[in-house]
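Survey of secondary and tertiary structure
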Amino acid sequence: MKPPIYLTGLQRQAAILQTLRYEGYRRLSWRQLLRMNRLLASEKLVEHGGMHVFNSFLPPFPSRAFESLANGVADLARSVSAPVSAYLAVTDACRYRCAHCSKAGRKGEPLGFDDWAQVVAETQDRGVAIVGFTGGEPLLFGRLEELIARVDDRSVSLLFTTGDGLTAARARSLADAGLFGAAVSLDSFDEAEHDAGRGAPGAFRAAVAAIGNLREAGLYAMAQVMATRKRCDPAWLKRYLAFVRSLGVEEVRLLEPMPCGRLLDGHDMWRISDEQRERLKRLHFETNRDRTTPKVSSFAFIEDVSRYGCGAGFQHFYVDALGNVQPCDFTPVSFGNVRREPLAAILGRMQEAFARPRGTCFMLENGAKLAACPCKETPIPSEEAARYVDFSATGPLPAFYRALGWKPPLSSAP
């Protein structure tokens, strides 16, 4: 199996010129394009299957999904917002008991296949460029491949999995259905540490095998890890990156602990410091200049005000297994349920609340306030949550939106 190919320098710039073929980008001024290029300068490209990947938060190019993104960016330049990505939790079922599970505490009747097929159709009609399938463990959803096949080429599809059940045959089946790539949760290079965090002996070996099966099937292979205080240590990170490189991982998604699910009440025990967050930002920048290391996509870097900020509710949304529509996976606030009204109506209501890009993570700002909410429902209805948190953003715009010259629409201007 060939190692991943990364492009930097002039090779990278030559590849990026392909994005100018998209009509959406041609609607932007040269000044806007140059500013966007400066923001993307921190991203080396991954060459995969005849396409190039900036990171897993953007669709690969050339592709029709990237055309969807380019059209959305052009709309943003006119202050018309549309979601770029949507994650769909097709099931809450899971054989593991992870200490940091964000889905804990939800009860009710899950959506069926026909419900999800309708959600996929409505999601794509909103112009979404990335559709992510998550859970629980999405591989336990009985008709997953059939649902993935419903995603046409206007969007790219990703899978977020523990690796449990991701055999070689399953990886080939997912690829045949049209899946582009998958992120496997891999918490450590140490088997005992990973298994303990997942509450399941054998979880480490399943995750490692899953990554190999993704590579063999030709899928874009990612590892996903939550950067706890211990894992922010430079020596630990260096060892982890060396390990996932040996597995052939093309990208590492580096999350930080969020105050939700099982961590909602005890988040202070997991919260990383500002110094550790800065370390994660530097790691993103340094590894993306180096062709010999896996690509790192650090949430701390990408969601910083100097980059793209937090897209929750503004350019991203999440639908849980029960049909509740939320700003993101980690924000346990529901703006409506797809069983009771069209997705477009719910998103319109959510985008009125999240009418402006924000420079910091909504949940890191508001997790403690939501934890204090006496409501016993999970997720919390938005009208109840609004009594405790302010959904509107203040402070400086993230650099991406400044580069486009974004201004709030008159209807949402203060």
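Refer to the structure presented above.
Just so it is clear, the structure is predicted and the values come from calculations on it, not from any experiment. Numbers given to residues run from 1 along each chain, matching the order in which its sequence is written. Restriction of local features to residues with pLDDT of at least 70 applies here, the model being predicted, together with a cutoff of 80 or more for giving and counting side-chain atom pairs; totals for whole chains, interfaces and linings are based on all residues. Excluded from the side-chain calculation are hydrogens and water; included are all heavy atoms of the structure.

**Side note on the overall build of the protein**
Within the protein, the regular secondary structure consists of 16 helices and 14 strands. Taken over the C-alpha trace, the protein has a radius of gyration of 20 Å; the compact-globule value for 414 residues is 22 Å, and the two agree within 12%. The principal-axis extent of the C-alpha atoms belonging to the protein is close to 55 × 50 × 45 Å. Looking at the protein as a whole, 60% of its 414 residues are labelled buried. Contact between two residues is taken to exist if any of their heavy atoms lie within 4.5 Å; hydrogens are not considered. Relative to all contacts within the protein whose residues are 6 or more apart in sequence, the contacts with residues 24 or more apart total 75%. Accessible surface area values rest on a Shrake-Rupley calculation with a 1.4 Å probe, where residue burial reflects the displayed protein chains alone. Total accessible area computed for the protein in this model is approximately 17,100 Å², and 52% of it derives from carbon and sulfur atoms. Treating the 52 positive side-chain charges of the protein as one cloud and the 46 negative ones as another, the clouds have centres 5 Å apart. Only DSSP runs of H or I reaching four residues or more are called helices, and only runs of E reaching two or more are called strands; each is numbered from the N terminus. Based on C-alpha atoms, the radius of gyration is set beside the globule rule, defined as 2.2 Å times the residue count to the power 0.38. Type-normalised accessible area, obtained with a 1.4 Å probe on protein chains alone, sets the label of each residue: buried when under 20%, exposed when over 50%, and partly exposed for intermediate values. The positive count covers Lys and Arg only, the negative count covers Asp and Glu only, and His and the chain ends enter neither. A charge is said to be at NZ when it belongs to Lys, at CZ for Arg, at CG for Asp and at CD for Glu.

**Comments concerning empty space enclosed by the protein**
The method is simple in principle: a probe with the dimensions of a water molecule rolls over the atoms, and the space it marks as empty is what remains. Each cavity reported here is a set of points on a 1 Å grid over the protein atoms alone in which a 1.4 Å probe fits but cannot get out, each pocket an open set with protein on both sides within 12 Å along at least five of seven lines, and each lining residue one with an atom within 4 Å of a point. Grid points are joined across faces, edges and corners, and a volume is the space filled by probe spheres set on the points. Going through the model one piece at a time under the given rule, you end up with 3 cavities of 30 Å³ or more. Roughly 40 Å³ of volume is contained in the largest cavity. What lines the largest cavity is Val53, Asn55, Ser56, Leu58, Pro60, Ile130, Val156, Leu158, Phe180 and Tyr220. Just so you know the grouping, Ala, Val, Leu, Ile, Met, Phe, Trp, Tyr, Cys and Pro go in nonpolar, Asp, Glu, Lys and Arg go in charged, and all remaining residues, Gly too, go in polar. Partitioning the lining of the largest cavity into residue classes produces 8 nonpolar, 2 polar and no charged.

**Re the state of the cysteines**
By definition, a disulfide links the sulfur atoms of two cysteine residues through a covalent bond. When the sulfur atoms of two cysteines come within 2.5 Å, that pair is taken as a disulfide. Taken as a whole and judged by the stated rule, the model has 0 disulfides. Cysteine cysteine 232 is unpaired, with the sulfur of cysteine 361 as its nearest cysteine sulfur at 15 Å. The closest cysteine sulfur to the non-disulfide-bonded cysteine 375 is located on cysteine 373, 5.1 Å from its own sulfur.

**A few points about the sheet that holds strand β2 (residues 45–48)**
Being paired, for any two strands, means DSSP has found at least two bridges between them. Overall, antiparallel pairing links the 3 strands, which are arranged β1-β2-β3 in an open sheet. Of all strands in the sheet, those bounded by a partner on one side alone are β1 (5–7) and β3 (51–53). When strand polarity is set aside, the average angle formed by the axes of neighbouring strands in this sheet is 35°. What counts as an axis is a line fitted to C-alpha atoms, over the stretch in contact for a helix, and the angles between N-to-C directions run from 0 to 180 degrees.

**Some thoughts on the packing of aromatic side chains**
Two rings from Phe, Tyr or Trp (for Trp, the six-membered ring) form a pair when their centres are within 6.5 Å of each other. A pair whose planes differ by under 30 degrees is stacked, one over 60 is edge-to-face, and the rest are tilted. As enumerated under the stated definition, the model contains 19 aromatic pairs in all. Each ring, one from phenylalanine 57 and one from phenylalanine 299, has its centre 5.1 Å from the other, and the planes form 70°; the classification is edge-to-face. Of this pair, phenylalanine 57 sits in the loop between β3 and α4 (64–77) while phenylalanine 299 sits in helix α12 (residues 299–302), and the two are 242 residues apart along the sequence. With relative accessibility at 22%, the residue phenylalanine 57 sits in the partly exposed group. Residue classification places phenylalanine 299 among the buried positions, given a relative accessible area of 11%. With 5.5 Å between their ring centres and 25° between their planes, phenylalanine 180 and tyrosine 220 make a pair best called stacked. Separated by 40 residues along the polypeptide, phenylalanine 180 in the loop between α7 (168–177) and β7 (181–185) and tyrosine 220 in strand β8 (residues 220–226) bring together distant segments of the chain.

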